[in-house]
Structures are given as structure tokens and as C-alpha cells.
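# Working through the structure, step by step
The primary structure of each chain is shown beneath.
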2 protein chains.
Amino acid sequence: MTQPAGRTPRSDARENRARILTVARVLLADDPSASLLSIARAAGVGQGTMYRHFPGREALLVAVHQGEVNALTDKASVLLSAYEPLEALRLWFEHLIAYGRSGPGAAAAAGAAAHTGAGRERPPAVAALDLLLKAGKEARQVRPEVEAEDVLLLVSCLWQAQDGPAWRERRQRMLTFIIDGLRTAPPR
Amino acid sequence: MTQPAGRTPRSDARENRARILTVARVLLADDPSASLLSIARAAGVGQGTMYRHFPGREALLVAVHQGEVNALTDKASVLLSAYEPLEALRLWFEHLIAYGRSGPGAAAAAGAAAHTGAGRERPPAVAALDLLLKAGKEARQVRPEVEAEDVLLLVSCLWQAQDGPAWRERRQRMLTFIIDGLRTAPPR
DNA sequence: ACCTGAACACCGTTCAAGT
DNA sequence: ACCTGAACACCGTTCAAGT
């Protein structure tokens with residue numbers, strides 16, 4: 001934290017950061033438990049540089065997946081303007097699940113992003129889900145007591161599921177259970 | 001695997017195994033990420049011995065928690081004979097959650113126990129839950145398409161929740177969502 | 001201001017040597 | 001048959017020295 005607040009970082013630092021992120025995206029997609037050292041080497045930087053930019057593995061994961069998380073956040077309002085609340089919620093879940101399953105790193109990153117630390121401000125993903133839930137509640141389709149963190153936790157179990165057709169069915173089934181559990185008066 | 005099948009192990013081996021388990025239970029309860037080496041040292045055995053008895057951390061975790069898992073398995077039929085199916089299910093969930101939250105090691109062990117490996121036989125915990133679900137289905141209170149693995153995965157997200165009164169409320173709320181999602185015709 | 005890479009403490013795993 | 005403990009390969013993290 002020796003950098004003066006609000007100033008542009010030195011150009012080599014900026015480039016190093018970008019290069020680490022690019023390389024990390026590739027290596028982590030291939031092997032989610034790739035070591036930080038292997039990433040540093042592939043990016044052509046020392047371990048110290050790695051550490052300066054991302055203090056710890058989780059920080060790197062969050063940064064790597066920030067793009068996807070932002071896309072997910074935006075998607076919420078897009079879906080809301082095109083579908084009725086409950087359908088928008090279901091579709092958003094599908095996106096969330098697909099993202100979380102894109103790699104175990106994603107799950108860790110999302111988990112870190114979802115944990116609303118005491119005092120800290122709401123992460124954007126939580127805020128996006130809040131939008132969907134609020135619309136659902138106003139349409140009296142979603143239980144009033146449902147909170148965004150509840151739902152994130154519930155859905156997060158779905159990206160633990162493996163691949164294969166059997167698990168695809170399982171996920172669909174479980175998603176139905178979850179949504180029906182969140183509704184007010186399920187007209188099955 | 002050099003031991004002749006079905007023969008009593010040598011007494012020192014038996015005692016070592018028991019001692020490792022006892023020590024591991026204590027150390028892991030205190031710190032769930034306690035190293036295998038520290039456990040071996042505390043148990044007064046070499047690392048090799050540790051490895052001979054429990055090839056890998058997960059194997060140790062499973063063994064450590066086997067007692068609790070068995071208790072949980074037995075509890076299912078006890079609850080079934082005393083309560084109506086849906087209530088028995090809810091009470092069993094409470095036990096499952098309490099157990100899973102008894103330590104992060106428990107979650108890992110339960111996760112390993114729940115994963116029905118292809119071809120392998122059903123773990124006892126899954127079989128116990130099956131009993132509960134079957135009773136619920138016969139009483140037409142539980143959706144017919146619900147599978148035990150679905151439910152385990154769903155409930156497992158609950159033992160990620162932290163401590164504190166706020167999280168206690170959250171857990172209760174989420175458990176209600178889950179159960180209502182599993183019912184056939186929820187009379188709320 | 002930022003980067004490098006040796007150094008440190010630690011981990012899981014293996015295996016030759018013992019009893 | 002089983003145990004021991006040194007040895008190996010690897011990890012995340014730190015920090016003095018450079019530019």
C-alpha cells in the first residue's frame with residue numbers, strides 16, 4: 001500500500017498485473033489448483049510481484065472472475081425488464097449455476113464475494129439478486145422473508161454437482177425444489 | 001494391504017490406530033486444518049504409520065466422524081417411529097445440520113460419505129435418508145421425484161453458515177424453504 | 001515505486017532400515 | 001507385519017537487494 005492514493009500506477013506494474021490476470025485465467029481454467037508460483041512463472045514475474053498485486057490466492061481468484069461476476073450482475077436487470085419476476089429469477093439462477101460450474105475457482109470467488117462482511121458494503125452480486133427478489137415480492141410471488149444471502153447459499157450447493165446427464169437432471173430437479181420453496185403460493 | 005483378509009491385526013497396530021483416532025478427534029475439533037504430522041506426533045507414531053492406517057486426510061476424517069455418522073443413521077428410524085414423516089424429516093435435518101456444523105471436518109467427511117461413487121454401494125447415511133423420504137412419499141407429503149442425494153446436497157449448504165443469532169435465524173428460514181420445496185401440496 | 005529471486009517454514013507422501 | 005524417521009518435492013509467504 002505504498003502507492004499514493006488515486007494515482008495511476010507505474011506502467012510496468014499495470015502491465016504485470018494485466019499479464020498475471022490473463023495467464024491466471026488460462027492456467028486456472030485448466031487446473032483450478034494451479035500453484036501461485038506456476039502462475040507467476042508463466043506470467044514472467046517474481047513471486048514477490050505476484051504477492052504485491054494479489055495478497056493471497058483468494059484475492060487473485062476474485063480478480064480473475066470479476067468480469068464474469070459483473071456480467072452476472074448486469075444480467076439481473078436485463079432479465080427483469082424482459083420477464084416476469086419469478087421467471088427472471090429462474091433464468092438468473094441458471095446463469096449463476098453455469099458460472100459457478102465454470103470452474104471450482106469460480107465457486108471460491110463467488111463465495112468470497114457473497115460473504116457480506118460485517119460493516120462492509122453489499123457486494124454487487126448480492127445487490128443484483130436483491131433486485132430480483134424485490135420484484136418478486138412486490139408481485140407477491142416470492143415470500144417476503146426471503147433474503148438474498150439465503151438464496152445465494154441455497155443455490156451455491158448446485159455448482160458442486162458433477163458433470164454428466166444424470167447430474168444435469170439432478171440440478172434441474174433441485175432448482176425446482178428451491179424455487180418452489182421460495183414462492184408464496186405455489187400453483188403446481 | 002499386506003494384511004491377510006479377515007484376520008485380527010497385530011495388537012500394536014490396533015492400539016496405534018485407536019490412539020491416532022482419539023488424538024485426531026481432539027486436535028481436529030480444536031483446529032480443523034491441523035496437519036497430519038502434528039496429529040502423528042501427538043499420537044506418538046511416525047508419519048509412515050499414520051499413512052499406513054489412513055491413506056490421506058479424507059480417510060482420517062471419515063474414520064474420525066464415523067461414530068457420529070452412525071448415530072445419525074440410527075436416528076432416522078427412531079424418529080420415523082415417533083413422528084409423522086414430514087416432522088421426522090425436519091427433525092432429522094436439524095440433527096444433520098448440527099452435526100455438519102460441529103466442525104468443518106465433519107462437512108468434508110459427510111461430503112465424502114454422501115458421494116455415491118459409481119458402482120459403489122450406498123453409504124449408510126444416504127440409505128437412512130432414503131428411509132425418511134420413502135415414508136414421506138407413501139404419506140403423499142413428499143414429492144415422488146425427490147432423491148436422497150438431492151436432499152443431502154441441499155441441506156449441506158446450511159452447515160456453511162456461521163455462528164451467531166442472525167445466522168441461526170437464517171438457517172431456520174432456509175430449512176423451511178427447503179422443506180416446503182420438497183413437499184407435495186404445501187398447506188401453509 | 002516496483003521488481004527479483006533466494007530463503008524460510010511448512011506440508012503431504014514415500015521408502016529404506018529396523019524390530 | 002508393522003513401525004520409524006529421514007528424505008523428497010512442493011507449497012505460500014517474506015524480504016533484502018536491486019533498478
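Above this text sits the structure in question.
Residues numbered from 1 in each chain as written. Chains lettered and ligands numbered in written order. Predicted model: local features only at pLDDT ≥ 70, side-chain atom pairs only at ≥ 80, totals over all residues. Heavy atoms only, no water.

### Structural notes on the protein's contact with DNA strand D
- The local shell around DNA strand D holds 22 residues, among which Tyr51 of chain A together with Arg10, Asn16, Gly46 and Thr49 of chain B are the closest.
- At 3.2 Å from a phosphate oxygen of DNA strand D is found a main-chain nitrogen or oxygen belonging to Leu36 of chain A.
- Between DNA strand D and Gly48 of chain B, the relevant distance is 3.1 Å, taken from a base oxygen to a main-chain nitrogen or oxygen of the residue.
- Of all the elements, helix α3 (residues 47–53) of chain B adds the most residues to the surface near DNA strand D, at five residues. (Near = heavy atom within 4 Å. Polar contact = N/O pair within 3.5 Å; in protein donor to acceptor, adjacent residues only side chain to side chain. Helix = DSSP H or I, 4+ residues; strand = E, 2+ residues; numbered from the N terminus.)

### Things to note about the interface of chain A and chain B
- The partner chain B presents 27 residues to the 27 residues of chain A that form the contact.
- With both sides pooled, the region where chain A packs onto chain B buries about 2,400 Å², and carbon together with sulfur makes up 59% of that total.
- For the pair chain A and chain B, the interface holds ten salt bridges.
- Asp150 of chain B is the partner of Arg170 of chain A in a salt bridge, and the nearest nitrogen-oxygen pair spans 2.4 Å.
- At the junction of chain A with chain B, the criterion picks out six residue pairs in polar contact (both at pLDDT 80 or more).
- Listed by contribution, the elements that provide at least two residues to the side of chain A that touches chain B are α8 (148–156) and α9 (165–182) of chain A.
- Class assignment for the residues of the side of chain A that touches chain B results in eleven nonpolar, six polar and ten charged. (Contact = heavy atoms within 4.5 Å. Buried area = accessible area lost by both parts, 1.4 Å probe. Salt bridge = Lys/Arg side-chain N within 4 Å of Asp/Glu carboxyl O. Nonpolar A, V, L, I, M, F, W, Y, C, P; charged D, E, K, R; others polar.)

### Some words on the pattern of salt bridges
- One pass over the full model with this rule turns up 16 salt bridges over all chains.
- As a salt-bridge pair, Arg173 of chain B and Glu147 of chain A come within 3.5 Å of each other at their nearest N and O atoms. Of this pair, Arg173 of chain B sits in helix α9 (residues 165–182) while Glu147 of chain A is found in the loop between α7 (124–138) and α8, placing the two residues in two different chains.
- Judged by its relative accessible area of 16%, Arg173 of chain B falls in the buried class.
- Between Arg170 of chain A and Glu147 of chain B there is a salt bridge, and its shortest N-O distance comes to 3.6 Å. Here Glu147 of chain B lies in the loop between α7 (124–138) and α8 (148–156) and Arg170 of chain A lies in helix α9, a pairing that spans two chains. (Buried < 20%, exposed > 50% of the residue type's maximum accessible area, 1.4 Å probe, protein only.)

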